[in-house]
Amino acid sequence: LCRGAPHLRAPNTSVGFSPQGSPATMPEGKKVQTDTEENSEMLKDAFQQSSLAMNKFEDEKDISKHIKHHFDGKFGPNWHVIVGKGFATYATYEAKTHMFFCLPPLNILIYKMG
C-alpha cells in the first residue's frame, strides 16, 4: 500500500478481516485490504467519499469525520474511520465491513463495530 503503511493483522476474534480477504482494485490499480465484496457499493463509497473529503479538507480529522458521517448515514451507525500517514491498529470489527487502502499521501481504514 502506501509507503510506510501499517501492517494489519487479523483480530483475535471469530469475526473480522482474514488474510484471505478479497483484494479489491482501486481505479488507479492500487490494491486494498478488505473483507467486503470487490465491487460492493460500500467499497465504492469508501473510495469516492475519501477522495471527496481529501479534496475538500486538509485536516485528517475533518477527512475522517466526513467519511464517518457518510457511512453512519448510509449504512447505519457505529463506523470507525482512521486517516493518516502512519498508524497502528488492533481492532475487532463486523464481518464484511473492513476496508483499508491508500490514497496518497494518506492511508485510510474504515470498519464498523458496535
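Residues numbered from 1 in each chain as written. Predicted model: local features only at pLDDT ≥ 70, side-chain atom pairs only at ≥ 80, totals over all residues. Heavy atoms only, no water.

Caption draft 1: Layout of unusual backbone geometry. With an omega of 10°, the peptide bond between Pro104 and Pro105 qualifies as cis. Along the chain, Pro105 falls in the loop between strand 3 (99–103) and strand 4 (106–112). In this model, Asn78 sits at a positive phi of 80°, which is unusual for a non-glycine residue. Tracing the chain through its elements places Asn78 in the loop between helix 2 (60–75) and strand 2 (79–84). At Lys96, a residue that is not glycine, the phi angle is positive and equals roughly 70°. Counting through the fold element by element, Lys96 comes out in the loop between strand 2 and strand 3. On the accessibility criterion, Lys96 (47% relative accessible area) is partly exposed. (Helix = DSSP H or I, 4+ residues; strand = E, 2+ residues; numbered from the N terminus. Buried < 20%, exposed > 50% of the residue type's maximum accessible area, 1.4 Å probe, protein only.)

Caption draft 2: Structural detail: the nonpolar core. Counting residues in hydrophobic clusters, the biggest one holds 18 residues, and the most contacted among them are Ile67, Phe71, Val83, Met99, Phe101, Ile108 and Ile110. Mapped by element, the contributors of at least two residues to this core are helix 1 (41–56), helix 2, strand 2, strand 3 and strand 4. In terms of residue count, the dominant contributor to this core is helix 1 (five residues). Listed in part, the six residues of the second largest apolar core include Phe87, Tyr93, Leu109 and Tyr111. (Core = buried A, V, L, I, M, F, W, Y, C linked by side-chain atoms within 4.5 Å.)

Caption draft 3: Quick peek at the pattern of salt bridges. Scanning the entire structure with this criterion turns up four salt bridges. For Glu41, the salt bridge goes to Lys74, with nearest N and O atoms at 2.6 Å. One end of the pair, Glu41, is in helix 1; the other, Lys74, is in helix 2, with 33 residues separating them in the sequence. Residues Asp45 and Lys74 are paired through a salt bridge, measuring 2.8 Å at the closest nitrogen-oxygen approach. Of this pair, Asp45 sits in helix 1 while Lys74 is found in helix 2, placing the two residues 29 residues apart along the sequence. Its relative accessible area of 7% is what places Asp45 among the buried residues. One salt-bridge network, in which partners are shared between bridges, spans Glu41, Asp45 and Lys74. (Salt bridge = Lys/Arg side-chain N within 4 Å of Asp/Glu carboxyl O.)

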